[in-house]
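Residue-level structural notes
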Amino acid sequence: REVDGSQLTEDERVDRDLALMVLRGRELQRGWADWRRTPDAYAGSALSGVFGLLQNRLRPETELAEAVAARLRGTPALLEACRDNLDPTLASPVLLRRSLGQIAAGVAYSRSVSAEFGGDRAAQALVADAGEVAAAAFEQLGAHVEAMVDRATGDWAIGEERYSALLREAEGLPYGARELHEKGLVLYDELATDMQARSQDLRGTDDFLAVLRGFNDDHPETPEDMLALYQEATDAARAYCIEHDLVTMPEGESCVVAPSAPFTRSMIAVAHYMQPPPFAPAPAG
């Protein structure tokens, strides 16, 4: 905040303002103490730390196996901190129940990840031993969270005051939560009117919700078919961005559509992006 803006270029001012907004957002969220309300960050960090190493494979197999094993062996300490920090007076039973799916997937993933080193028996054994240590820690966390669900009394919603502050100070918008709600109602009415007209043209009915629900019947039959359709849609969206000059594509950039990590599937129901590792030789997302 103390930086003299007159001494900065326009790009530097944008960077400075973005940094301030991000930091202010974290400051506003600090009192919410998310780390005491849900196991997501603990379990997610333990699992994504291993998955990221294997997804990008920036190291030789032996070195990679050692790194994976080290992270798996570090999992018990991280999950122990989770058990110590979770507070049933703050934790929401809704979020705790949701986290149980990720924790159970963590047990299975920890015990299966050694298969990634099938061609190297020594590496596979090293990772399998460490994976068993991590799996046992996930089982212990799962039992702890399950026992806490029925006595948890916290909420999952951050509240209007904090949300308004985030909108204004972290997102840079000129309005808060109440005004956002009012804007949403107006836009919904406009969209509903438009959708009714489209549904009438398409199906001869104003009930656009029924038409939309009917679209659920049009879906891929297998995960392989779904992956192919995601690839097709991603390619089309990427081409549109380039054609309309919406973003700057770095030299050598690429985007691979791949199955999501098994431990994210109970938490994230749709496709999500994973950025390239920092300072990687090729920017592959």
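As a reminder, the structure under discussion sits directly above these lines.
Here goes a summary of the coordinates provided. (Residues numbered from 1 in each chain as written. Predicted model: local features only at pLDDT ≥ 70, side-chain atom pairs only at ≥ 80, totals over all residues. Heavy atoms only, no water.)

In the structure shown here, the tally under the stated rule is 14 salt bridges. As a salt-bridge pair, Glu132 and Arg111 come within 2.9 Å of each other at their nearest N and O atoms. Residue Glu132 is located in helix 5 (residues 121-149), and its partner Arg111 is located in helix 4 (residues 93-112); the two are separated by 21 residues in the primary sequence. On the basis of relative accessibility, which here comes to 39%, the residue Glu132 falls in the partly exposed class. Arg168 serves as the salt-bridge partner of Glu179, at 3.4 Å between the closest nitrogen and oxygen. On the criterion of sequence distance, the pair formed by Glu179 in helix 7 (residues 177-203) and Arg168 in helix 6 (residues 160-170) is long-range, its members being 11 residues apart. Look at Glu179 and you get partly exposed, because its relative accessible area is 32%. Assessed through its relative accessible area of 39%, Arg168 is described here as partly exposed. One salt-bridge network, in which partners are shared between bridges, spans Arg24, Glu27 and Glu169. (Salt bridge = Lys/Arg side-chain N within 4 Å of Asp/Glu carboxyl O. Helix = DSSP H or I, 4+ residues; strand = E, 2+ residues; numbered from the N terminus. Buried < 20%, exposed > 50% of the residue type's maximum accessible area, 1.4 Å probe, protein only.)

Structurally, Tyr163 can be placed in helix 6. As a C-alpha pair, Tyr163 and Pro283 span 120 residues in sequence and 34 Å in three-dimensional space. Contacts of Tyr163, omitting those with residues within four sequence positions, involve Ile158, Ala177 and Leu180. (Contact = heavy atoms within 4.5 Å.)

Let us now look at the nonpolar core. If you look at the biggest cluster of nonpolar residues, it comprises 38 residues, and the most contacted ones within it are Leu54, Val68, Leu72, Tyr109, Phe117 and Phe138. When residues of this core are traced back to their parent elements, those giving at least two are helix 2 (40-56), helix 3 (61-85), helix 4 and helix 5. Counting residues per element, this core draws most heavily on helix 5, which supplies 11 residues. In contact with Phe117, not counting residues within four places along its chain, are Leu54, Glu61, Leu64, Ala65, Val68, Ala123, Gln124 and Val127. (Core = buried A, V, L, I, M, F, W, Y, C linked by side-chain atoms within 4.5 Å.)

It is worth spelling out a nonpolar patch on the surface at this point. Judged by side-chain polarity, Tyr188, Leu202, Leu209, Leu212 and Phe215 come together as a nonpolar surface patch covering roughly 460 Å² of accessible area. Those elements giving two or more residues to the nonpolar patch turn out to be helix 7 and helix 8 (208-215). Sort the elements by how many residues they give to the nonpolar patch and helix 8 lands first, with three residues. Note on placement: Leu202 falls in helix 7. (Patch = residues over 30% accessible without salt bridge, like charges linked within 9 Å, V, L, I, M, F, W, Y side chains within 5 Å. Areas by Shrake-Rupley, 256 points an atom, 1.4 Å probe, with all protein chains shown as cover.)

Right, let's get into the packing of helix 3 against helix 5. Their axes nearest at 8 Å, the elements helix 3 and helix 5 cross at an angle of 15 degrees. On the basis of their axis angle, the class for helix 3 and helix 5 is roughly parallel. As for how helix 3 packs across helix 5, the hand of that crossing is left-handed. Here the contact of helix 3 with helix 5 is composed, by residue class, of 16 nonpolar, four polar and four charged. (Axes fitted to C-alpha atoms, helices over the stretch in contact; angles between N-to-C directions. Parallel < 35°, antiparallel > 145°, perpendicular 65-115°, else oblique. Left-handed = near helix turned anticlockwise from the far one by under 90°. Nonpolar A, V, L, I, M, F, W, Y, C, P; charged D, E, K, R; others polar.)

Here the structure, examined in full by the defined rule, presents two aromatic pairs. Plain terms: the ring middles of Phe51 and Phe263 are 5.8 Å apart, the flat faces sit at 90 degrees to each other, and that makes the pair edge-to-face. Of the two residues, Phe51 is situated in helix 2 and Phe263 in the segment after helix 9 (223-243); the sequence distance between them amounts to 212 residues. With respect to class, Phe51 is no different from Phe263; both count as buried. Between Tyr109 and Phe263, the ring centres sit 5.0 Å apart and the planes meet at 70 degrees, which makes this aromatic pair edge-to-face. (Phe/Tyr/Trp six-rings, centres within 6.5 Å; stacked < 30°, edge-to-face > 60°.)

A few words now on the layout of surface pockets. Of the pockets and cavities examined, the largest pocket occupies roughly 1400 Å³. Ala258, Pro259, Ser260, His272 and Met274 are, among the 49 residues lining the largest pocket, the residues nearest its centre. When residues of the lining of the largest pocket are assigned to their parent elements, the largest contribution, nine residues, is made by helix 9. Of the residues assigned to the lining of the largest pocket, the class counts are 31 nonpolar, 13 polar and five charged. (1 Å grid on protein atoms, 1.4 Å probe; cavity = no way out; pocket = protein on both sides within 12 Å on 5 of 7 lines; lining within 4 Å. Points joined across faces, edges and corners; volume = space filled by probe spheres on them.)

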